[in-house]
Amino acid sequence: MANSIAYAQKFLPVIDDIYKAASVTAGMDTASRADSFTGVNEVKVLKVSTTGLGDYSREDGYPKGDVTASWETMKLTEERGKEFSVDRMDNEETLGMVFGQVTGSFMREHVVPELDAYRFAKYASTSGISTTTEAALDKDTILAAIDEASRQMDEDEVPAEGRRLFISSDLKPVLNAALSRRWGSDETVQTVLSGYNDMPIIYVPKTRFYTEITLNAGTESWGYTKGSSAKNINFMMIHPTAILQVEKFALPKIFTPDENQSKDAWKFQFRLYHDAFVYENKVKGIYLHKNAT
């Protein structure tokens, strides 16, 4: 009778993870002053305005002008969090791979999309920003719509340098079809437009690009959903100096099974205290184009 030998098997540390794009709004954090909220939950920004020139009189001298100073209050409102537990044996029997992936997967799949979606919805719902009639865009209308946004910002004297163009990922093929071009060699072709008239283009996953979102309490599998009266956003043109993005507190905490007093399990806790604002005197630094549906 032949021997029956069960050969040893090695489980490779390969994890079937979920693809998710990194934050598309993080690039505007550099124009923000997160340290302004250190030790407090609100700050007051001084807004100053003056009157324009008048005729100088050789008899009476300079025309009198007025100075107006007022305070704009910005208060953090969003405190979000989540806790996960992974049993010691479950983690051990998966070669220690389960808990080791919790932090990265959770941030990529849930924290980053929610943060982006909240910011865009906050900017889109701000009173006084520039916008236009709701409409669907196609290859024949998309460039004209973007040009109109640039024209409006020019008229409002928003600086041209520094503007950013955020476009729904659904419109990427539409934008590609609007321009005839080809880069590369016979072996490689690149048709994706990365900039338009000196503005970098950032493509936003459509599930983060709504005019309104609802933040769930925590019992649902997803942290946020599209608002009941929300519209899909086609594109937004934003000058980073018009906004303030603040992550005052963003901290993951990890407890080993020996440190965890309630269960024999690894415990992961994450808390995020944040908000986003549009300066009242810079609302024209945001242009919104939303879909009719």
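Residues numbered from 1 in each chain as written. Predicted model: local features only at pLDDT ≥ 70, side-chain atom pairs only at ≥ 80, totals over all residues. Heavy atoms only, no water.

Residue position: Ser130 is located in strand 4 (residues 130-131). Taking the relative accessible area as the measure of exposure, Ser130 reaches 6% and is therefore buried. Along the chain, Ser130 and His289 lie 159 residues apart, while their C-alpha atoms are 8.8 Å from each other. If near-sequence neighbours (up to four positions away) are discounted, Ser130 is found in contact with Gln152, Asp156, Val283, Lys284, Ile286, Tyr287 and Leu288. (Helix = DSSP H or I, 4+ residues; strand = E, 2+ residues; numbered from the N terminus. Buried < 20%, exposed > 50% of the residue type's maximum accessible area, 1.4 Å probe, protein only. Contact = heavy atoms within 4.5 Å.)

The space that makes up the largest pocket amounts to roughly 360 Å³. In terms of lining residues, the largest pocket is bounded by 20 residues, among which Arg80, Gly81, Lys82, Glu114 and Gly223 are the most central. For the lining of the largest pocket, the secondary structure elements donating two or more residues are strand 3 (78-87), helix 2 (97-124) and strand 14 (265-278). A breakdown of the residues in the lining of the largest pocket according to their chemical character gives 8 nonpolar, 7 polar and 5 charged. (1 Å grid on protein atoms, 1.4 Å probe; cavity = no way out; pocket = protein on both sides within 12 Å on 5 of 7 lines; lining within 4 Å. Points joined across faces, edges and corners; volume = space filled by probe spheres on them. Nonpolar A, V, L, I, M, F, W, Y, C, P; charged D, E, K, R; others polar.)

Let us look at the sheet that holds strand 4. The strand order across the open sheet formed by 6 strands is 4-15-12-5-9-8, and the pairing between neighbours is mixed. Of all strands in the sheet, those with a lone pairing partner are strand 4 and strand 8 (195-196), marking the two edges. Relative to strand 12 (residues 233-238), strand 5 (residues 164-168) runs antiparallel, the two sharing 4 bridges. Within the sheet, the bridge partner assigned to Leu165 lies in strand 12 and is Met237. Packing of helix 3 (residues 142-155) onto the sheet brings it into contact with strand 4, strand 5, strand 8, strand 9 (199-204), strand 12 and strand 15 (286-290), and relative to strand 12 it is tilted by some 30°. (Pairing = 2+ DSSP bridges. Axes fitted to C-alpha atoms, helices over the stretch in contact; angles between N-to-C directions.)

We now examine the sheet that holds strand 3. Read across the sheet, 3 strands follow the order 3-14-13 without closing on themselves; strand pairing throughout is antiparallel. With partners counted over all chains shown, the strands left at the sheet margins are strand 3 and strand 13 (243-255), one partner each. Within the sheet, the average angular offset between the axes of one strand and its neighbour, ignoring direction, is 10°. Where strand 3 meets strand 14, 10 bridges bridge the pair, whose relative direction is antiparallel. Within the sheet, the bridge partner assigned to Lys82 lies in strand 14 and is Phe270.

What follows concerns the pattern of salt bridges. Scanning the entire structure with this criterion turns up 16 salt bridges. The residue Lys47 makes a salt bridge to Glu280 at a minimum N-O spacing of 2.5 Å. Separated by 233 residues along the polypeptide, Lys47 in strand 1 (residues 42-50) and Glu280 in the loop between strand 14 and strand 15 bring together distant segments of the chain. Classification of Glu280 as partly exposed rests on a relative accessible area of 48%. Between Glu134 and Lys290 there is a salt bridge whose closest N-O contact spans 3.6 Å. Taken together, the residues Glu134 in the loop between strand 4 and helix 3 and Lys290 in strand 15 connect sequence positions 156 residues apart. Salt bridges here are not isolated pairs; linked through shared partners, they connect Asp29, Arg119 and Glu247. (Salt bridge = Lys/Arg side-chain N within 4 Å of Asp/Glu carboxyl O.)

Strand 5 sits mainly inside the fold: 4 of its 5 residues count as buried. The sheet contact formed by strand 5 and strand 9 spans 4 bridges and is parallel. Considered in strand 9, the bridge of Phe166 is made with Ile202.

Turning our attention to unusual backbone geometry. Although it is not a glycine, Glu157 adopts a positive phi angle of roughly 60°. Positionally, Glu157 belongs in the loop between helix 3 and strand 5. Residue classification places Glu157 among the exposed residues on the basis of a relative accessible area of 70%.

Residues lying three or four places apart along an α-helix face the same way, a consequence of the helix completing one turn every 3.6 residues. An ideal rise of 1.5 Å per residue puts 20 Å on 14 residues; helix 3 measures up with 20 Å between its terminal C-alpha atoms. Of the residues making up helix 3, those classed as buried are Ile142, Leu143, Ala145, Ile146, Ala149, Ser150, Gln152 and Met153. Looking one or two places after helix 3, you find Glu157, whose phi comes out positive at around 60°. (Expected span 1.5 Å × (residues − 1).)

Here the focus is the side chain of Thr25. Checked against the element boundaries, Thr25 lands in the segment before strand 1. With a relative accessible area of 0%, Thr25 lands in the buried category. When near neighbours in sequence (up to four residues on either side) are disregarded, Thr25 contacts Asp116, Arg119, Phe120 and Gln245.

This paragraph deals with the packing of aromatic side chains. Inspection of every chain in the model, using the stated rule, returns 9 aromatic pairs. Considering the side-chain rings of Phe84 and Phe268, the 6.2 Å spacing of their centres and the 20° angle between planes classify their relative orientation as stacked. Taken as a pair, Phe84 in strand 3 and Phe268 in strand 14 lie far apart in primary sequence, 184 residues in all. On the basis of relative accessible area, Phe84 is assigned to the partly exposed category, the value being 28%. (Phe/Tyr/Trp six-rings, centres within 6.5 Å; stacked < 30°, edge-to-face > 60°.)

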